[in-house]
Amino acid sequence: MNKPAILVAENVKKDFPAPEGPISVLKGVNLTVHQGEIAFILGRSGSGKSTLLHVLGFLDEHTRGTYRFDGKSMQDYGVEDIAHVRNKKMGFVFQAFHLLPRTTVLDNVKLPLLYSALPEATWDDRATKALDAVQLSHRLRHEPSQLSGGQKQRVAIARA
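Everything numeric here is computed off the predicted structure, so don't read it as measured data.

A. Structural view of the packing of aromatic side chains. Under the counting rule described, the total for this entry stands at three aromatic pairs. By the ring-pair criterion, three or more aromatic residues cluster together here, those being Phe58, Tyr67, Phe69 and Tyr77. Above the face of the Tyr77 ring, Lys72 is positioned so that its terminal group lies 4.6 Å from the ring centre.

Right under this line is the structure:
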């Protein structure tokens, strides 16, 4: 039995404006990811990996082509729909981690739960379990400045 495609990019292009004319960063990307699959995006520095992820994650719009997530065209998603997708179906681990500096590890992981329908009484337990999964439950009261780079990355993974 084939699993449904959750993400389909067809001939996706992205241009950035520049004084000398548009700079083409994505030049016709085709990608299909089915439910349950894990996909890797590899390429040299400057090849458009982050730009593609920004498009796929609804952080930026593509210039041309078609992008469908969960069977729905990107253009058909409203602001609330996008917020729902990011909260329920898609997690991000940014290269710079984007942890709040003077906030505990536990509170950094709980941050996305502010936008969920989950009862606040469950947040600490969920965040602690996520930190446990990345072997950082012993650091939940620490701030990011007290962590190594690898530990910060794992906090970002737990938050995602």
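Picking up where we left off.
B. Region of interest: the sheet that holds strand β3 (residues 64–69). Here four strands make up an open sheet; going across it, the order is β2-β1-β3-β4 and the pairing antiparallel. Of all the strands in the sheet, just β2 (23–34) and β4 (72–73) have a single pairing partner and so form its edges. Both strand β1 (residues 5–16) and β2 contribute to a ladder of nine bridges, which runs antiparallel. Pairing of Asp15 across the sheet is with Ser24, part of β2.

C. Region of interest: helix α1 (residues 49–56). All of the buried residues in α1 are Thr51, Leu52, Val55 and Leu56. With its buried residues spanning 135° around the axis, α1 presents them on a single face. A positive phi of about 65° marks Phe58, the residue just after α1.

D. A look at the side chain of Gln151. Along the chain, Gln151 falls in helix α5 (residues 149–159). According to the relative accessible area criterion, Gln151 is buried, its value standing at 12%. Ignoring sequence-local partners within four residues, the contact set of Gln151 consists of Leu136 and Arg139.

E. Spotlight on the pattern of salt bridges. Taken as a whole, this structure holds eight salt bridges when the rule is applied. Across the pair Asp60 and Lys14 runs a salt bridge, and its minimum N-O distance is 3.4 Å. A residue pair is termed long-range when its members are at least 10 positions apart, and Asp60 in the loop between α1 and β3 and Lys14 in strand β1 qualify at 46 residues. For Lys14, a relative accessible area of 9% puts it in the buried group. We note a salt bridge from Asp124 to Lys110, for which the minimum N-O separation is 2.7 Å. On the criterion of sequence distance, the pair formed by Asp124 in helix α4 (residues 123–133) and Lys110 in helix α3 (residues 105–110) is long-range, its members being 14 residues apart. Residues participating in the shared-partner salt-bridge network are Asp107, Lys110 and Asp124.

F. Seen up close, the environment of Gln153. In this structure, Gln153 sits in helix α5. C-alpha of Gln153 to C-alpha of Leu99: the two residues are 54 residues apart in sequence and 9.4 Å apart in space.

Parameters at a glance
Residues numbered from 1 in each chain as written. Predicted model: local features only at pLDDT ≥ 70, side-chain atom pairs only at ≥ 80, totals over all residues. Heavy atoms only, no water. Phe/Tyr/Trp six-rings, centres within 6.5 Å; stacked < 30°, edge-to-face > 60°. Lys NZ or Arg CZ within 6 Å of the ring centre and 35° of its normal. Pairing = 2+ DSSP bridges. Helix = DSSP H or I, 4+ residues; strand = E, 2+ residues; numbered from the N terminus. Buried < 20%, exposed > 50% of the residue type's maximum accessible area, 1.4 Å probe, protein only. Arc of directions from axis to C-beta. Contact = heavy atoms within 4.5 Å. Salt bridge = Lys/Arg side-chain N within 4 Å of Asp/Glu carboxyl O.

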